[in-house]
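Here are the chains, one letter per residue:
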Amino acid sequence: MKAVILAAGVGRRLGKNGQNQPKCLLNFNGKSLLERHLNYLHDLQVDEVAIAVGYQAEKIQDQIQALGVESWVSTVYNPDYTKGSIISLWALREHLKSGEHLLLMDADVLYDRRILERLVKTNISNSFLLDRDFEQGEEPVKLCVRDGYLVEFRKQVAPDLTYDFAGESVGFFRFEGEVALRLAERAEHYVANQRHEEPYEEVIRDLLLETPQAFGYEDITGLSWIEIDFPEDIKRAENEILPQLGE
């Protein structure tokens, strides 16, 4: 199994914390988000990692070298990193087309190791991670479930959509080789049609709505995690999430 990580963007909403370095290099209790990802992936025997880089890519490369993981971690440079995350997804197309089972991960998440372990060890070939304990609003990317199937994956859910319950997506996914290939092809379609400024989740959503029976989810409610988008997220990560991780 391999993992691909999206880490090319500029963290504008973080202010100076996002301008000084890529978000994946934010440090919590002596370890960057990137180091934590790589430690967990190594422990879970993921044997190859490719990271889409762009903004201050050299700093990510420097950390990879400092950690001594060049033998199994590589980077793919996206020169158009300001134009949207779909281009970063498309930049990873050779890895998506490899035919291997694949993890797709956002780089800006601090989380309980057991969340990633659940995804690696699941028997669901194409899996989302769903947290039922979330605050409604415009920011969370929502997963809606009806009769055991995922029926929506978006920040904005149509008011007339019927579903049994909803949860927030963690931003980590698992795909079998065939679906990863379709993901690459759909990302290329978005780029070719100048739809690159849409969230990369739209590409995944297309595949989900086409064949909902091919996808499932792991419910990780009760395990701690946070996506780092705003300055207040850093404070919450330090004051709330780290203590729950035993740090």
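Below or above, wherever it landed, is the structure these notes cover. Everything numeric here is computed off the predicted structure, so don't read it as measured data.

### So, the packing of helix H2 (residues 33-43) against helix H3 (residues 57-67)
- Where H2 contacts H3, the axes come no closer than 11 Å and their chain directions differ by 45°. As judged from the angle between their axes, H2 and H3 are oblique. Two packed elements cross with a definite hand, and for H2 against H3 that hand is right-handed. Taken together, the residues of H3 that come into contact with H2 (itself represented by Leu34, Glu35 and Leu38) are Ile60, Gln63 and Leu67.

### Here's the deal with the nonpolar core
- Formed by 36 residues in total, the largest nonpolar core has its most connected members in Leu104, Phe128, Phe175, Leu183 and Ile204.
- Among the elements that line this core, the one with the most residues is helix H7 (residues 177-192), at 7 residues.
- Setting aside chain neighbours within four positions, we find Phe175 in contact with Glu100, His101, Leu102, Leu104, Ser125, Asn126, Ala180, Leu183, Ile204 and Phe215.
- Grouped together as the second largest cluster of nonpolar side chains are 35 residues, Cys24, Val73, Ala107 and Leu223 included.

### Some details on helix H6 (residues 113-121)
- What H6 keeps buried is the set Ile115, Leu116, Leu119 and Val120. Angularly, the buried residues of H6 cover 130° about the axis, an arc narrow enough to put them on a single face.
- In this structure, the buried residues of H6 make contact with H2, strand S6 (102-106), strand S7 (109-111), strand S8 (127-131), strand S11 (165-175) and strand S13 (225-227).

### A short note on the side chain of His196
- Here His196 lies in the loop between H7 and helix H8 (201-210).
- Filtering out sequence-adjacent residues up to four positions away, His196 remains in contact with Lys83, Gly84, Ser85, Ile86, Ile87 and Tyr190.

### Some details on the packing of aromatic side chains
- Under the counting rule described, the total for this entry stands at 10 aromatic pairs.
- Taken together, the aromatic side chains of Phe128, Phe153, Phe173, Phe175, Tyr200 and Phe215 make up a single cluster linked through ring pairs.
- When the ring centre of Trp90 is taken as reference, the NZ or CZ atom of Arg93 above it lies at 3.8 Å.
- Here Arg132 stacks its cationic end above the ring of Phe165, 3.8 Å away from the centre of that ring.

### Thoughts on the pattern of salt bridges
- This model, assessed by the stated rule, comprises 20 salt bridges.
- Ionic pairing is found between Lys83 and Asp80, a salt bridge with its closest N-O pair at 3.9 Å.
- With relative accessibility at 41%, the residue Lys83 sits in the partly exposed group.
- For Asp80, a relative accessible area of 32% translates into the label partly exposed.
- When the shortest N-O distance is used, the salt bridge between Asp219 and Arg132 registers 2.9 Å. With Asp219 in strand S12 (residues 216-219) and Arg132 in the loop between S8 and strand S9 (142-146), the pair connects residues that are 87 residues apart, well separated along the chain.
- Each of Arg13, Lys23, Asp108, Glu139, Lys155 and Asp229 takes part in one network of salt bridges that share partners.

### Considerations on the packing of H7 against H8
- Running from amino to carboxyl end, H7 crosses H8 at an angle of 125°, the nearest separation of the two axes being 9 Å. Overall, the two elements H7 and H8 adopt an arrangement that is oblique. In the packing of H7 onto H8, the handedness of the crossing is right-handed. Contacts between H7 and H8 involve Val179, Arg182, Leu183, Arg186, Ala187 and Tyr190 from the first element and Glu202, Val203, Ile204, Asp206, Leu207 and Glu210 from the second.
- Here the contact of H7 with H8 is composed, by residue class, of 7 nonpolar, no polar and 5 charged.

So, how was this worked out
- Residues numbered from 1 in each chain as written.
- Predicted model: local features only at pLDDT ≥ 70, side-chain atom pairs only at ≥ 80, totals over all residues.
- Heavy atoms only, no water.
- Axes fitted to C-alpha atoms, helices over the stretch in contact; angles between N-to-C directions.
- Helix = DSSP H or I, 4+ residues; strand = E, 2+ residues; numbered from the N terminus.
- Parallel < 35°, antiparallel > 145°, perpendicular 65-115°, else oblique.
- Left-handed = near helix turned anticlockwise from the far one by under 90°.
- Contact = heavy atoms within 4.5 Å.
- Core = buried A, V, L, I, M, F, W, Y, C linked by side-chain atoms within 4.5 Å.
- Buried < 20%, exposed > 50% of the residue type's maximum accessible area, 1.4 Å probe, protein only.
- Arc of directions from axis to C-beta.
- Phe/Tyr/Trp six-rings, centres within 6.5 Å; stacked < 30°, edge-to-face > 60°.
- Lys NZ or Arg CZ within 6 Å of the ring centre and 35° of its normal.
- Salt bridge = Lys/Arg side-chain N within 4 Å of Asp/Glu carboxyl O.
- Nonpolar A, V, L, I, M, F, W, Y, C, P; charged D, E, K, R; others polar.

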